[in-house]
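Tertiary structure, described
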Amino acid sequence: MINEEILLKNGYKEYKVPAYSFANKFFQKKVVDDKGIKYFIDFFYYDKTDSYECRVQFELKTFYYMNITLFGFDFDTTLEELELRADNLWKTQDCRYYETEDMDG
């Protein structure tokens, strides 16, 4: 299950909802490892449907971006499952680091 408390406990920060979204709440986490920033993972909460939507944007090594939206998951879906799915997508889609320590990408 995903909810505000779980997101905040797991390193997500709440921000103002972006102008392009109809969500009621917005949470974001920076995903990093020892090389740098891999990507950001976003959760949008919609109170009308009491549901969350997960979005990630990856920078591909060919220097363009890919947006992925994960939605329609049920209440049994865990945050860990969605984070693992996002990380597996990042690894398998030949993505670059958003920012590295040495800025080489």
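Everything discussed here concerns the structure shown above.
Notes on the structure in this doc start here. Quick caveat: nothing in here was measured; it's all calculated off a predicted structure.

We now examine helix 2 (residues 79-92). In this model helix 2 runs 20 Å from its N-terminal to its C-terminal C-alpha over 14 residues, within 8% of the 20 Å that 1.5 Å per residue would give. The complete set of buried residues in helix 2 reads Leu 79, Leu 82, Ala 86, Asp 87 and Trp 90. Along helix 2, the residues classed as buried sweep out an arc of 130° about the axis, all on the same side. Residues Leu 84, Arg 85, Lys 91 and Thr 92 are exposed on helix 2 and point more than 90 degrees away from its buried face. Buried positions along helix 2 lie against helix 1 (4-9), strand 2 (25-33), strand 3 (36-46), strand 4 (51-60), strand 5 (65-70) and strand 6 (95-96). A positive phi of about 60° marks Asp 94, the residue just after helix 2.

The next thing to look at is the pattern of salt bridges. Inspection of the entire model under this criterion finds eight salt bridges. Residue Lys 91 is joined to Asp 87 by a salt bridge in which the shortest nitrogen-to-oxygen separation is 3.2 Å. Taken together, the residues Lys 91 and Asp 87, both in helix 2 and four residues apart, mark about one turn of the helix. The exposure class of Lys 91 is exposed, given its relative accessible area of 54%. Residues joined in a network through salt bridges with shared partners are Lys 38, Asp 87 and Lys 91.

On to unusual backbone geometry. Non-glycine residue Asp 50 carries a positive phi angle of around 50°. When you line up the elements, Asp 50 lands in the loop between strand 3 and strand 4. Its relative accessible area of 42% is what places Asp 50 among the partly exposed residues. Of note, Asp 94 is a non-glycine position whose phi angle comes to about 60°, a positive value. Assignment of secondary structure puts Asp 94 in the loop between helix 2 and strand 6.

Scoring rules and cut-offs
- Residues numbered from 1 in each chain as written.
- Predicted model: local features only at pLDDT ≥ 70, side-chain atom pairs only at ≥ 80, totals over all residues.
- Heavy atoms only, no water.
- Helix = DSSP H or I, 4+ residues; strand = E, 2+ residues; numbered from the N terminus.
- Expected span 1.5 Å × (residues − 1).
- Buried < 20%, exposed > 50% of the residue type's maximum accessible area, 1.4 Å probe, protein only.
- Arc of directions from axis to C-beta.
- Contact = heavy atoms within 4.5 Å.
- Salt bridge = Lys/Arg side-chain N within 4 Å of Asp/Glu carboxyl O.

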